Amino acid sequence: MVEGRRIRIQGTVQGVGFRPWVHRMARVAGVTGRVWNDSAGVTIEVFGDDARLGRFIEALHLPPPAARIAALDYDVIPPEPAADFVIVPSHAVAERRVSIPPELATCDDCVAEIFDPASRRYRYPFTNCTNCGPRFTIARDIPYDRATTTMAPFEMCPACQREYDDVGNRRFHAQPNACPVCGPRLTLRAHDGRLIDVDDPIAAAAEALRLGLIVAVKGIGGFHLACDATSDEAVRILRQRKHRDEKPLAVMVRALGDAEALVEVDDEARRLLTSVERPIVLLPRRVHTASAELRRVAKDPPYDSQDPPCVSEAVAPRNRLLGVFLPYSPLHHLLVADAGRPLVMTSGNLSDEPIAYANDEAVGRLGDIADLFLLHDREIVTRADDSVVSVIDGRGTVLRRSRGYVPRAVTLARGVARPVLACGALLKNTFCIATGASAWLGPHIGDLENVETYESYTTAIARLERFLQVQPAVIAHDLHPDYLSTTYAKRRPEAITIAVQHHHAHVVSAMAEHGLDGRVIGIAYDGTGYGTDGTMWGGEVLVASAAGFERAATFRPIALAGGDRAIREPWRIALALVLDACDGVLPDAAVRLLAEVPVREIDLVRQFLGGGGPAPLARGVGRYFDGFGALFLGRARANFEGQVALEWNQAADPHVGRSYRFALDERDGCWEIDLRRAVCDALFDRVHGDPVSAIAAAFHNTLADATAAVVRLTVERVGALPIVASGGCFQNARLAESVRAALAPEHDVLLHRSVPPGDGGIALGQAVIADAVART
């Protein structure tokens, strides 16, 4: 007996070959009907007997690799005498959901085509199919069809149209489908925008890179600034022009084997490097004896030579990690192959500005940095920086969530009652829109500290609101009154605006990622966040739910002499730590460690610490990293946010297991972790010749032991609860792994994986908290 079903599927189901796959599954199951895209996802109307319908619906739960099903439901409908199963044009519906996938790295089939002289797409930099290519960055609206993308102006030639119309072709309904006859084209331009007439812009750009020039390359989600990663001089010039003195740069290599020549790659790193998201992966560097500069001036070896490529030390100075990634577009594959060496590929911007993504904008903003521009005429609608991932405790952890991951939704354990816009933090900003049981983190925006970035932020919010057709009813923002994100939130017209404490949001972001609803013990360690008492927090253990929290433990505060200047000059924090630990006396050992700081500056800071100048108190664990790092590494000043803390982390010897002393003081039901004894112990060790690596290791172990102690005390008071860890300090693999180990085996600590532990993930927590508060 023939029956009918209407099946509605939500998730990442457009632009990933989902409908052709459904068509094939229908043929296999022997059912008839139709499938179409709509603005909520995909709808199927299918007819057959009960057994065939059951097999078909069961098959739908195992979708193609790039698809992700968030929800699948169906209703019984009257049967129809359909003769076949067909794919029909897209529909629009009242309820909209972003079902467009993130960008998909070029598949093996397409890579083979661009390097095959017999293929009609040989060396064509915009080759793609339903399994790969741009998606969200070229979409103007949903449903995801060619007419609503920036491929609309490119009319397909007869050959491409046949592929597009053939349900058995891997380019069936591949919306960006194109070839050299009908698709986007490249041009090479000088730094001032003048056209340079060359037969092959990619080959010419590669030659320029080999000669040490800097090339701005328009990619999938914006521009890269590229240079020869093996050349000290090219990297120096790029840093000088970009105003990026020491912050690490990412390196793109041709293939996995080339990455393995530069960095240590385990199974998880291999999976991340070759994943469809293709993030930058931070991995331990291999040490090569040959200098990068000698390799550069020598005759070019084959890129897959037994003599491995060696990147310049200037790419990531004083850093044991190197950010490496593989090509994710045909343009990148061709450029890196032609260059024959690893390439620096860093965001196309001046430091602290948003990435450039339009041709004229890029020439205007980057003309003083780049010698050449490799441009194309396919418009980018949405900026998307490269995502960044680290391996922590054996698993990938997203540190910057953008290209490849956005606009993938997070499924909430408890859906929001009304749509929420969470405005995020000041640094490493992302925003979040939650509606129903889904929360969408926007692409990485960056630090909201200039007009350009703020404009990028407001534009991105408006675009995602339009995609979702959501009018937020609740606006969430950080408790800090001076953040630009807070200013934006308060200017919104919505009636309900909710301020969310920074570390509460960190904890709840981890809860939301892990699908937890109820109370948890949350460890939130970072540099700083505005507390409910108006002081700077950052070393917090909270007993929290979405609706509220209580403070179970914190760290003894550190005086920041000169306010924020102390973060840029962490020797000031080191001095405050020593004076606090030594009852106001500055030992000779500390004087020697601070020898590069002029005596008059030390005297001035001592006056500040004694009440003669600004010295606000801060409890951030990140400030302890800064202070210890400045003292024992001799790093008086930081050239970028988190630099000294990062170097202190990397200085730690993994084989040292000992810890320093610490004290716990209870005040008003909240434990305070006091590290003054640890400061004294570390000074004693250094005076007696212990290596800095052993001191750094003991510092990390002490933080882990102190954290475990207050968590166990909290469990004694409130009972066993899930434990989560969040905040920027948990980007530090050594700290995260040490805290987990210190609490094992009786307690498991849940770490972030798909949502950044730092401020790039905080908007998710803000959204969930604001919904809970607005319900009361």
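Everything discussed here concerns the structure shown above.
Draft legend 1. Spotlight on the nonpolar core. Judged by nonpolar contacts, the single largest core of 97 residues is most densely connected at L335, Y457 and L764. Element by element, the count of residues in this core is highest for helix α24 (residues 762–775), at nine residues. With near-sequence residues (within four places) excluded, Y457 lies in contact with C423, N429, F431, I445, L448, S485 and Y488. With 77 residues, the next largest nonpolar core counts I573, F625, A697 and V710 among its residues.

Draft legend 2. Broad picture of the pattern of salt bridges. Summed over the entire model, instances satisfying the criterion amount to 57 salt bridges. Across the pair R241 and D371 runs a salt bridge whose closest N-O atoms are separated by 3.2 Å. Separated by 130 residues along the polypeptide, R241 in helix α6 (residues 232–242) and D371 in the loop between α11 (359–366) and β14 (372–376) bring together distant segments of the chain. The exposure class of R241 is partly exposed, given its relative accessible area of 26%. Judged by relative accessible area, D371 falls into the partly exposed class, the value being 23%. The shortest N-O distance in the salt bridge between E540 and R551 comes to 2.6 Å.

Draft legend 3. Spatial organisation of the environment of S90. As for its position among the elements, S90 is in the loop between β5 (85–87) and α3 (108–114). Here S90 falls in the partly exposed class, since its relative accessible area comes to 24%. Note: C-alpha distance between S90 and T43 (47 residues apart in sequence) is 9.5 Å. When residues no more than four places from it in sequence are discounted, the contact partners of S90 are R19, N37, P143 and D145.

Draft legend 4. View of the sheet that holds strand β3 (residues 41–48). Read across the sheet, five strands follow the order β4-β1-β3-β2-β5 without closing on themselves; strand pairing throughout is mixed. The two strands at the open ends of the sheet, each matched to only one other strand, are β4 (68–77) and β5. Within this sheet the neighbouring strands show an average axis-to-axis angle of 15°, counted without direction. Bridging between strand β2 (residues 32–38) and β3 involves seven bridges; their strand directions are antiparallel.

Draft legend 5. Quick look at unusual backbone geometry. Here the residue pair V406 and P407 is connected by a cis peptide bond, since its omega of 15° sits within 30 degrees of zero. Among the structural elements, P407 can be located in the loop between β16 (395–400) and β17 (410–411). Between A744 and P745 the backbone carries a cis peptide bond, its omega angle lying at 0°. Examined against the element boundaries, P745 turns out to sit in the loop between α23 (733–743) and β31 (749–750). One non-glycine residue, H243, adopts positive backbone phi at about 60°.

Draft legend 6. Fine view of the sheet that holds strand β15 (residues 388–392). Strand order in this open sheet of 11 strands is β7-β6-β14-β8-β9-β13-β10-β12-β11-β15-β16, and the pairing throughout is mixed. Whereas interior strands pair on both sides, the edge strands pair on one side only; in this sheet they are β7 (195–196) and β16. Bridge analysis of strand β8 (residues 215–218) against β14 gives three bridges, and the strand direction is parallel. Bridge assignment links A216 to a residue of β14, and that residue is F373. On the sheet, α6 packs against β9 (223–228) and β13 (343–347) and is oriented at approximately 145° with respect to β9. Here helix α10 (residues 330–339) sits on the sheet and contacts β6 (186–190), β8, β9, β10 (251–252), β13 and β14; the angle it forms with β13, its principal contact strand, is near 145°.

Draft legend 7. Looking closely at the packing of aromatic side chains. One pass over the structure, following the stated rule, counts 18 aromatic pairs. Aromatic pair F628 and F632: ring centres 6.1 Å apart, planes at 35°, arrangement tilted. Remark: F632 and F628 occur in helix α19 (residues 621–633); sequence separation between them is four residues, near one turn of the helix. Here the two residues F628 and F632 agree in accessibility, since each one is buried. An aromatic cluster of at least three residues, connected via ring pairs, comprises F625, F628, F632, W648 and F699. Above the plane of the ring of Y328 lies R403, whose end atom (NZ or CZ) is 3.5 Å from the centre.

Draft legend 8. Here's a closer look at the packing of helix α16 (residues 571–581) against helix α18 (residues 599–612). The interhelical angle for the contact between α16 and α18, taken along N-to-C directions, is 60°, at an axis separation of 10 Å. On the basis of their axis angle, the class for α16 and α18 is oblique. The two elements α16 and α18 cross, and the hand of that crossing is right-handed. Together, W571, R572, L575, A576 and L579 of α16 and E601, I602, V605, R606, F608 and L609 of α18 make up the contact between the two elements. Residue classes in the contact of α16 with α18 are distributed as eight nonpolar, no polar and three charged.

Draft legend 9. Structural view of the pairing of β15. Most of β15 is tucked away: five of the five residues are buried. Residue alternation in β15 divides its side chains into two sets, V388, S390 and I392 and V389 and V391, and both sets are buried. When strand β11 (residues 280–284) meets β15, the two strands line up parallel, connected through three bridges. Across the sheet, residue I280 finds its bridge partner in β15, namely V388. Bridge count for β15 against β16 is five bridges, and the pairing is antiparallel. The residue of β16 that forms the bridge with S390 is T397. Linking β15 to β16, which pair antiparallel, is a turn of two residues; within it D393 sits at a positive phi near 55°.

Draft legend 10. Representation of the packing of α16 against α19 in the model. Viewed as axis vectors pointing N to C, α16 and α19 meet at an angle of 95°, and their least axial separation amounts to 7 Å. Relative to α19, the element α16 lies roughly perpendicular. Here W571, I573, A574, L577 and V578 of α16 come into contact with α19, specifically with R623, Y624, D626, G627, F628, A630 and L631. Here the contact of α16 with α19 is built from residues that sort into nine nonpolar, one polar and two charged.

Rules used throughout
- Residues numbered from 1 in each chain as written.
- Predicted model: local features only at pLDDT ≥ 70, side-chain atom pairs only at ≥ 80, totals over all residues.
- Heavy atoms only, no water.
- Core = buried A, V, L, I, M, F, W, Y, C linked by side-chain atoms within 4.5 Å.
- Buried < 20%, exposed > 50% of the residue type's maximum accessible area, 1.4 Å probe, protein only.
- Helix = DSSP H or I, 4+ residues; strand = E, 2+ residues; numbered from the N terminus.
- Contact = heavy atoms within 4.5 Å.
- Salt bridge = Lys/Arg side-chain N within 4 Å of Asp/Glu carboxyl O.
- Pairing = 2+ DSSP bridges.
- Axes fitted to C-alpha atoms, helices over the stretch in contact; angles between N-to-C directions.
- Phe/Tyr/Trp six-rings, centres within 6.5 Å; stacked < 30°, edge-to-face > 60°.
- Lys NZ or Arg CZ within 6 Å of the ring centre and 35° of its normal.
- Parallel < 35°, antiparallel > 145°, perpendicular 65-115°, else oblique.
- Left-handed = near helix turned anticlockwise from the far one by under 90°.
- Nonpolar A, V, L, I, M, F, W, Y, C, P; charged D, E, K, R; others polar.

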